[in-house]
Amino acid sequence: MMKKRFFQIGKYFIIVIMIGLIYAGICTYTGFGIPCVFHSITGLKCPGCGLTHMFLALLHLDFKTAYLENQFLFLLLPLFGLAACFHAVQYIRSGTVKRFRGENALAYFLIGMLILWGIFRNLPL
């Protein structure tokens, strides 16, 4: 049963990576990307603005540009990766995913920080 869950997680991981690479190819070779609706309407940057450019820079191992595109999410990326790996391993081993103590509080804290980041990055400095 554990082997089946391992291949199931692997399949989803490969699908997500392939979709990401196809989107990166479309963005790189056509210049077309999904526009930010918030930015299009308000002219302001949302907390996620620059995410596509950040990932494209990471694909080229250009960490400085990736950081400059969205500093907050760039710094959180390892945390999200660790959390995804932790939950994947937990699911493979037990067939369920149980949140660790304080995970909800951490999620609410990060949402609050994202909102503050969205405000801060639009202040004229």
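Residues numbered from 1 in each chain as written. Predicted model: local features only at pLDDT ≥ 70, side-chain atom pairs only at ≥ 80, totals over all residues. Heavy atoms only, no water.

Enquirer: Can you help me understand helix H3 (residues 51–59) in this one?
Expert: A turn of α-helix holds 3.6 residues, and therefore any two residues three or four places apart point the same way. Those residues of H3 that fall on the buried side of the exposure criterion are Met54, Leu56, Ala57 and Leu58. Buried-residue contacts for H3 involve helix H1 (2–30), helix H4 (63–69) and helix H5 (71–94). One or two steps after H3, the chain reaches Leu61, where phi turns positive at roughly 60 degrees. (Buried < 20%, exposed > 50% of the residue type's maximum accessible area, 1.4 Å probe, protein only. Helix = DSSP H or I, 4+ residues; strand = E, 2+ residues; numbered from the N terminus. Contact = heavy atoms within 4.5 Å.)

Enquirer: Looking at this model, I keep getting lost on the layout of surface pockets. Mind explaining?
Expert: The gaps of empty space that remain are located by a probe, the size of a water molecule, rolled over the atoms. Its volume calculated, the largest pocket comes out at about 780 Å³. Around the largest pocket sit 21 residues that line it, and Phe13, Val16, Ile17, Gly20 and Phe55 are the ones nearest its centre. Listing elements by their share of the lining of the largest pocket, those giving two or more residues are H1, H3 and H5. Residue classes in the lining of the largest pocket are distributed as 18 nonpolar, three polar and no charged. Within the residue set of the lining of the second largest pocket, elements represented by two or more residues are H1, helix H2 (37–42), H3 and H4. Among the elements that line the lining of the second largest pocket, the one with the most residues is H3, at four residues. Within the lining of the second largest pocket, the residues separate by chemical class into 10 nonpolar, seven polar and three charged. (1 Å grid on protein atoms, 1.4 Å probe; cavity = no way out; pocket = protein on both sides within 12 Å on 5 of 7 lines; lining within 4 Å. Points joined across faces, edges and corners; volume = space filled by probe spheres on them. Nonpolar A, V, L, I, M, F, W, Y, C, P; charged D, E, K, R; others polar.)

Enquirer: Just to check I follow, could you spell out the environment of Leu77 for this structure?
Expert: Mapped onto the elements of the fold, Leu77 is located in helix H5. Considered as a pair, Leu77 and Ala88 are 11 residues apart in the sequence and their alpha carbons are 16 Å apart. In contact with Leu77, not counting residues within four places along its chain, are Met54, Phe55 and Leu58.

Enquirer: Got a minute to help me understand a nonpolar patch on the surface in this structure?
Expert: On the surface, Phe13, Ile14, Ile17, Met18, Leu21, Ile22, Ile26, Phe32 and Leu59 cluster together to form a nonpolar patch covering roughly 890 Å² of accessible area. As for its position among the elements, Ile17 is in helix H1. A relative accessible area of 38% places Ile17 in the partly exposed class. (Patch = residues over 30% accessible without salt bridge, like charges linked within 9 Å, V, L, I, M, F, W, Y side chains within 5 Å. Areas by Shrake-Rupley, 256 points an atom, 1.4 Å probe, with all protein chains shown as cover. Salt bridge = Lys/Arg side-chain N within 4 Å of Asp/Glu carboxyl O.)

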